[in-house]
Amino acid sequence: MTNAKATRPEVVVPMTTEEETRPAGGTPAVGRPVVSVRDVDKVYGNGTVALKDVDLTVKEGEFISLLGPSGCGKSTLLRLMAGLGEVSAGKVNWWEQDYSVVGEKGRKLAFVFQNATLMPWARVRKNVRLPLDLNRDKGDEAEQRIDQALEMVGLSKFGDAYPRELSGGMQMRVSIARAMVTGPNLLLMDEPFGALDEMTRNKLNDDLLRLWKDNGWTVVFVTHSVYEAVYLSNRVVVMAARPGRVIDEVPIEAPYPRGQEFRVSTEFAGYCRRVSEALEVASQQGEEAAS
Amino acid sequence: MKSPLLENEKFVQVAAPMFVGFLFLLLWEAIVRANDIPPYILPGPLEIGKAFVEDWGVLFHGLLMTLKVTLLAFGISVLLGTAASLLFVQSRWIEVSLFPYAVLMQVTPIVAIAPLIIIWVDDTTWALTVCAVIIAIFPIISNTTLGLRSVDPNLLNMFRMYRAGRLQQLVRLRIPSALPYFFGGMRISTGLALIGAVVAEFVAGTGGTQAGLAYLILQAGYNLDIPRMFAALGLITLTGISLFALMVWLSDLVLRNWHESALKVEQ
């Protein structure tokens, strides 16, 4: 713990990594690495190679999407970034240190699952406060943070509802509020809006971008939708299957805030075509490997 | 205009089976009378009703004895069964080592071991209770263990990510997840506790002040007092139904806000 404190001044040291620094469109502070994945392999007990030689650095303030055909290991990669499961080879670092720094002030991590993953027996408010309860945070400050989180996702009036009384989109918003309540710095999202209809999805995409801006989060977002990836991210990481690996990265340099105009712009269409092509290559490579 | 009573779901739920029951009793009485069947072969419902009223003192005392054993056995089963389940989920080793013995207990016919238990345990009430526990405890153990393991894996991941301790996991996640299974186990267990109490009593053949409903049936059988036999049988059935209804009510009370089994879905 003291070690973490000692290394903190590194923040002021300008970033000089071997990596090419991409100009991230419209995002001012893209800074030091938040999560870095180095030469990571993940082999499951049954011999499935889920990830092979994956290299990825997520920098502060970035919004990154992991995109790829099913079985490309994007969810596995996200889980490794969350500290769920061990790597078979290589290394994952959080804030340039090991997993033990996660949870400290300024180094908090939250995960949003594919389905809302709420406790059905608990009211919305109780669900949102779960991370605080587990951390034994009580008192007025905790209550305020719950209120704030509920307000940000527009569910202030639904604190006493049970999850089953809410629509799928609202449940997902509860899930996001729960992730927000600890004041995370890094938000990992595993196809959070995959099961929702397009209208709700677009709305939540806009909400998410607003929250990302307001809270200064770093976001890693897994999706299988090209449009969603392009709309949200400053960088789309394209992955291929068998074995799961990164095959391309497409920077999206359109400025934020992005809105309806961006969705219908030729720039957007251009990026979507570029990403779709990369995805096409990824699918072909996966199929060749399978045959 | 339709009758508002028939529109009432609750009323229909009670009234419809009662009406069928009433028709059945009517038919029974008619057959007994039309064929002149003597009461020592098959008494009519009226005859049985008479026995109910006349023998109420003996029957009620028998009911209390049987109910005492049933409730004791059920209570002990719930406590011990839950404790065993909590122990089982602590480690795979404990479960793997002990679970086969829980199954062994379940598959051994109670009639076969009851005589032994009655020899070993001096006090009659406790001897009967032990027999009833042996068969009533299994659904609690197996259901609760299943429930404690049926946790949403992503919720479990989330608990791990927020560094929840074992106790927090148990109290905030495993136990609530297990509740529907636990109540399912309780429903089966009440019925088995009653069956266990009755079967054990048949084997023990306890008379005197300890005589429960099973002994009354045995005794009435020897005396060819068939109406009393039916009355005692009726009381056992009634007890079973009441206990089951109580469990359903209890489980609905606890689960009504969130679990599918207790929700009233409007289409």
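Residues numbered from 1 in each chain as written. Chains lettered and ligands numbered in written order. Predicted model: local features only at pLDDT ≥ 70, side-chain atom pairs only at ≥ 80, totals over all residues.

Participant: Just to check I follow, could you spell out the overall build of chain A for this structure?
Facilitator: Check the secondary structure of chain A and you find 10 helices and nine strands. Counting over 291 residues, chain A shows a buried share of 41%. (Helix = DSSP H or I, 4+ residues; strand = E, 2+ residues; numbered from the N terminus. Buried ≥ 20, exposed ≤ 12 C-beta atoms within 10 Å, placed from the backbone.)

Participant: Could you clarify how one ought to interpret the overall build of chain B in this entry?
Facilitator: Check the secondary structure of chain B and you find 11 helices and zero strands. Along chain B, helices and strands appear, N-terminal first, in the series α-α-α-α-α-α-α-α-α-α-α. Taking 267 residues into account, the globule formula puts the C-alpha radius of gyration at 18 Å, and chain B, at 23 Å, lies well above it. For chain B, the spread of C-alpha atoms along the three principal axes comes to 75 × 65 × 25 Å. A separation of at least 24 residues holds for 75% of the contacts in chain B among residues at least 6 apart in sequence. (Rg over C-alpha atoms; globule rule 2.2 N^0.38 Å. Contact = placed C-beta atoms within 7 Å.)

Participant: For this particular structure, what's the right way to read the UniProt feature "transmembrane region" (unreviewed entry) in chain B?
Facilitator: Residue and element names in this part refer to chain B. Annotation from UniProt places "transmembrane region" (unreviewed entry) at residues 12-31, 69-89, 101-120, 126-148, 194-218 and 230-250. Secondary structure over residues 12-31 splits into 100% helix and 0% strand, and the C-alpha atoms at its two ends are 28 Å apart. Across residues 69-89, the secondary structure splits into 95% helix and 0% strand, with the terminal C-alpha atoms separated by 30 Å. (UniProt positions renumbered as here; feature names shortened; annotations may be inferred.)

Participant: Which parts of the structure should I look at to understand the sheet that holds strand β8 (residues 235-240) of chain A?
Facilitator: Strand pairing in a sheet takes place through backbone hydrogen bonds and is either antiparallel or parallel in direction. Residue and element names in this part refer to chain A. Strand order across the open sheet formed by six strands is β5-β6-β7-β3-β8-β9, with mixed pairing between neighbours. Each edge of the open sheet carries a strand with a single partner, namely β5 (109-112) and β9 (245-251). Taken pair by pair, the neighbouring strands of this sheet meet at an average axis angle of 15 degrees, ignoring direction. In terms of strand pairing, β5 meets strand β6 (residues 186-190) through four bridges, oriented parallel. When the bridges of β6 are listed, Phe111 appears paired with Leu188. (Pairing = 2+ DSSP bridges. Axes fitted to C-alpha atoms, helices over the stretch in contact; angles between N-to-C directions.)

Participant: How should I be thinking about the interface of chain B and chain A in this particular structure?
Facilitator: Bring the parts together and some accessible area is lost; that lost area is often taken as the interface size. On the side of chain A, 15 residues touch chain B, which itself brings 14 residues to the contact. Where the side of chain B that touches chain A is concerned, the elements lending two or more residues are α8 (153-161) and α9 (166-204) of chain B. For the side of chain B that touches chain A, the leading source of residues is α8 of chain B, giving six residues.

Participant: Help me understand the environment of Ser156 of chain A, please; the structure alone is not making it clear to me.
Facilitator: Residue and element names in this part refer to chain A. Among the structural elements, Ser156 can be located in the loop between α5 (140-152) and α6 (168-180). Sequence-wise, Ser156 and Arg125 are 31 residues apart; in three dimensions their C-alpha atoms are separated by 9.3 Å. Contacts of Ser156, omitting those with residues within four sequence positions, involve Leu150 and Glu151.

Participant: Whenever I open this one, the domain arrangement of chain A confuses me. Can you help?
Facilitator: Residue and element names in this part refer to chain A. What the domain assignment reports for chain A is domain 1 (59-108 + 186-291) and domain 2 (120-183). For domain 1 versus domain 2, the distance between C-alpha centres works out to 25 Å. Counting residues at the interface gives 10 residues for domain 1, matched by eight residues for domain 2. Looking at which element gives the most residues to the side of domain 1 that touches domain 2, the answer is helix α7 (residues 198-215), with four residues. Looking at the side of domain 1 that touches domain 2 residue by residue, the classes come out as seven nonpolar, one polar and two charged. (Domains from an automatic or database assignment. Nonpolar A, V, L, I, M, F, W, Y, C, P; charged D, E, K, R; others polar.)

Participant: Got a minute to help me understand the confidence of the model for chain B in this structure?
Facilitator: Close inspection of predicted coordinates is inappropriate for parts of the model with low pLDDT. Residue and element names in this part refer to chain B. Looking at chain B, pLDDT values average 91 and 97% of them are 70 or higher. Mean pLDDT values over the elements of chain B span from 74, in helix α1 (residues 4-7), up to 95, in helix α4 (residues 56-88). Interface confidence for the predicted complex, given as ipTM, is 0.81, next to a pTM of 0.83. (pLDDT = per-residue confidence, 0-100.)

Participant: Explanation requested: the sheet that holds strand β1 (residues 33-43) of chain A in the structure shown.
Facilitator: Residue and element names in this part refer to chain A. Spatially, three strands are ordered β2-β1-β4 in an open sheet, and the strand pairing comes out antiparallel. For this open sheet the edge positions go to β2 (49-59) and β4 (89-94), each flanked by a neighbour on one side alone. On average, each strand axis in the sheet is tilted by 15 degrees relative to the strand beside it, whichever way the strands run. Both β1 and β2 contribute to a ladder of seven bridges, which runs antiparallel. Counted as the bridge partner of Pro33 is Lys59 from β2. Docked against the sheet, helix α2 (residues 74-81) engages β1, β2 and β4, running at close to 125 degrees with respect to β1.

Participant: When you look at the confidence of the model for chain A in this model, what are you seeing that I'm missing?
Facilitator: Residues and elements named next belong to chain A. Scored by pLDDT, chain A comes out at a mean of 86, with 90% of its residues at no less than 70. Ranking the elements of chain A by mean pLDDT puts helix α1 (residues 2-7) last with 42 and helix α3 (residues 124-128) first with 96. In this model residues 1-29 is a low-confidence stretch, pLDDT under 50, and it forms 25 contacts with partners more than four residues away in sequence or in other chains.

Participant: Is there a simple way to think about the nonpolar core in this case?
Facilitator: A general trend in soluble globular proteins is that nonpolar side chains are found buried together. Counting 81 residues, the largest nonpolar core has Leu67, Ala177, Val238 and Val275 of chain A as the members making the most contacts within it. Among the elements that take part in this core, α6 of chain A stands out by supplying six residues, more than any other. Per-domain counts for this core show at least three residues from each of domain 1 (59-108 + 186-291) and domain 2 (120-183) of chain A. Ranked by size, the runner-up nonpolar core spans 52 residues in total, among them Ala132, Ala197, Leu235 and Met247 of chain B. (Core = buried A, V, L, I, M, F, W, Y, C linked by C-beta atoms within 7 Å.)

Participant: Explanation requested: the packing of helix α5 (residues 92-107) of chain B against helix α7 (residues 124-149) of chain B in the structure shown.
Facilitator: Each pair of packed helices gets described by two things: the angle between the helix axes and the distance between those axes. All names here are of chain B. At a minimum axis separation of 8 Å, α5 and α7 run at an interaxial angle of 135 degrees. Judged by the inter-axis angle, α5 sits oblique to α7. Crossing of α5 over α7 shows left-handed handedness. Side by side, α5 and α7 meet where Ala102, Met105 and Gln106 of the first sit next to Ile134, Phe138 and Ile141 of the second. The residue inventory of the contact of α5 with α7, partitioned by class, reads five nonpolar, one polar and no charged. (Parallel < 35°, antiparallel > 145°, perpendicular 65-115°, else oblique. Left-handed = near helix turned anticlockwise from the far one by under 90°.)

Participant: I'm lost on the pairing of β1 of chain A in this one. Help?
Facilitator: The side chains of a regular strand alternate between both faces of the sheet. All names here are of chain A. With antiparallel pairing between neighbouring strands as the criterion, β1 and β2 make up a hairpin whose turn holds five residues, including Gly47 at a positive phi of roughly 95 degrees. Summarising the sheet, β1 and β4 pair through five bridges and their orientation is antiparallel. Within the sheet, the bridge partner assigned to Asp41 lies in β4 and is Ala89.

Participant: I'm lost on the pairing of β8 of chain A in this one. Help?
Facilitator: Residues and elements named next belong to chain A. Buried residues dominate β8, accounting for six of its six residues. Alternating positions in β8 separate into two faces, Arg235, Val237 and Met239 on one and Val236, Val238 and Ala240 on the other, with burial throughout. Pairing between strand β3 (residues 63-67) and β8: four bridges, direction parallel. Its bridge partner lying in β8, Leu67 is registered against Val238. Note that β8 and β9 share six bridges and pair antiparallel. What sits directly across from Ala240, in β9, is Arg245. Between β8 and β9, which follow one another and run antiparallel, lie four residues, and Arg242 among them has a positive phi close to 50 degrees.

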